[in-house]
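Listed here are the chains, written in short residue letters.
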Amino acid sequence: MAAPPATSSAAANSSCARLPSAPLRRAPAAVSFPSRSRPAGLAAHAGSSRRLDVSAAAAAGHQKLMGSLTSNEGLKFGVVVARFNEVVTNLLLQGALETFERYSVKAENITVVSVPGSFEVPITAQKLGKSGKFDAILCIGAVIRGDTTHYDAVANSAASGVLNAGLSAGTPCIFGVLTCEDMDQALNRAGGKAGNKGAEAALTAIEMASLFRHHLG
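What counts, and at which threshold
Per chain, the residues get numbers from 1 upward, laid out in the order the sequence is written. pLDDT decides what is reported in this predicted model: residues at 70 or higher carry local features, side-chain atom pairs at 80 or more are listed and counted, and totals for whole chains, interfaces and linings draw on all residues regardless. The basis for the side-chain values is all heavy atoms of the structure; hydrogens and waters are excluded. Type-normalised accessible area, obtained with a 1.4 Å probe on protein chains alone, sets the label of each residue: buried when under 20%, exposed when over 50%, and partly exposed for intermediate values. In this text, helices come from DSSP runs of H or I with a minimum length of four residues, and strands from runs of E with a minimum of two, each type numbered from the N-terminal end. Any two residues whose heavy atoms approach within 4.5 Å at even a single point are treated as in contact. The definition of a polar contact used here is a pair of N or O atoms within 3.5 Å, where within protein one atom must be able to donate a hydrogen and the other to accept one, and adjacent residues in sequence count solely through side-chain atom pairs. One requirement defines pairing of two strands: DSSP has to find at least two bridges between them. For the handedness criterion, the strands are oriented away from the viewer, and a crossover whose path from the first strand over the helix to the second runs clockwise is classed as right-handed. Confidence of the predictor at the level of single residues is captured by pLDDT, which takes values from 0 to 100. Whether two aromatic rings pair depends on their centres lying within 6.5 Å, for rings of Phe, Tyr and Trp, where Trp uses its six-membered ring; planes under 30 degrees apart make the pair stacked, over 60 edge-to-face, and the rest tilted. This arc describes the spread of directions from the helix axis toward the C-beta atoms. In the sections that follow, a salt bridge refers to a side-chain nitrogen of Lys or Arg positioned within 4 Å of a carboxyl oxygen of Asp or Glu.

S.K.: Residues and numbers for helix H8 (residues 197–216), please.
M.R.: Where H8 is concerned, the buried positions are Gly198, Ala199, Ala201, Ala202, Ala205, Ile206, Ala209, Ser210 and Leu211. Of the surrounding elements, those touching the buried residues of H8 are strand E1 (77–82), helix H4 (86–102), strand E3 (136–144), strand E4 (173–180) and strand E6 (195–196). One side-chain oxygen at the N-terminal end of H8 lies 2.8 Å from the backbone nitrogen of Gly198; it belongs to Asn196.

S.K.: Describe the pairing of E4, naming the residues involved and giving the relevant values.
M.R.: Most of E4 is tucked away, with six of its eight residues classed as buried. Relative to E4, E3 runs parallel, the two sharing eight bridges. Looking across to E4, one finds that Cys139 is bridged to Phe175. With helix H6 (residues 150–169) bridging E3 and the parallel E4, this β-α-β connection has right-handed handedness.

S.K.: I'd like to hear about the confidence of the model for the protein chain, residue by residue, with values.
M.R.: Looking at the protein chain as a whole, its pLDDT mean stands at 83, while 72% of the residues score no less than 70. Predicted confidence is poor over residues 6–20, with pLDDT under 50, and the contacts of this stretch with residues over four places away or in other chains come to zero contacts. Counting interchain partners and residues more than four positions distant, the pLDDT-below-50 stretch residues 31–35 has zero contacts.

S.K.: Explain the packing of aromatic side chains to me, and be specific about the residues and the numbers.
M.R.: One pass over the structure, following the stated rule, counts one aromatic pair. Ring geometry for Phe77 and Phe100: centres 4.8 Å apart, planes at 35 degrees, overall tilted. Of this pair, Phe77 sits in strand E1 while Phe100 sits in helix H4; the two residues are 23 residues apart in sequence, bridging distant segments of the chain. Overall, the relative accessible area of 0% leaves Phe100 in the buried class.

S.K.: Quick one: what's the story with helix H5 (residues 121–130), residue by residue and with numbers?
M.R.: An α-helical turn contains 3.6 residues, so a residue and the one three or four places further along point in the same direction. Every buried residue of H5 is accounted for by Val121, Pro122, Thr124, Ala125, Leu128 and Gly129. Angular distribution of buried residues about the axis of H5 spans 160 degrees; they occupy a single face of the element. Of the residues in H5, the exposed ones pointing more than 90 degrees away from the buried face are Ile123, Lys127 and Lys130. Tucked inside the fold, the buried residues of H5 contact E1, strand E2 (110–115), E3, H6 and E4. Following H5 by one or two positions, Gly132 has its phi on the positive side, about 80 degrees.

S.K.: So what's going on with the pattern of salt bridges? Which residues, and what values?
M.R.: Working definition: two side chains of opposite charge can pair if their charged atoms are close together. Under the defined criterion, the tally for this structure stands at four salt bridges. Residue Asp152 pairs with Arg145 through a salt bridge whose shortest N-O separation is 3.7 Å. Exposure remark for Arg145: the relative accessible area of 33% places this residue in the partly exposed category. Here Glu200 makes a salt bridge to Lys197, at a shortest N to O gap of 3.5 Å. Taken together, the residues span about one helical turn, with Glu200 and Lys197 both in helix H8 at a distance of three residues. Lys197 sits in the partly exposed class, given a relative accessible area of 28%. Through salt bridges with shared partners, one network takes in Arg145, Asp152 and Glu181.

Here you go:
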């Protein structure tokens, strides 16, 4: 039999040479911390909003201020109505006046002021508010989009103007100006299938007037 080929000692040594093995590192043990038990009330509402409900705040002893639709004895209202798009604004005015009557606001406590258009509504509302004769001012108008950018200028001016009128006068100025894409949208919101926004604005005026007279005056 042929003898196996000889291998040199150097080759044997190189194949057998090993680096010293590094000590094995143990994976860090998982540390668990005991979870704090939640109060029963928090556990029941863990997934719900943390905001405090107004009714719950009142029940907890916090003071709750809110206007009333029935405590309106002696409240006085100014109504500024734009004549432009009169077919719409007349319907809004009618809805507002009917709502005032329904909630026992006397006719002699309502002053209606007619202005050319919605652009003129804010300055008139501000003047009425600063007179100190009214508890709230209802602003009625209708801005309908046309072929130019005039719509955007008037709609934005009316919205910001009514806001600034209320802030400067310190009297609630209620925004009842429709801003619609076409006449159909406007009519739908002036007594059509979308309700009467003039009536809705009158409700807001009554509530805000009551709030300011009885709680914030």
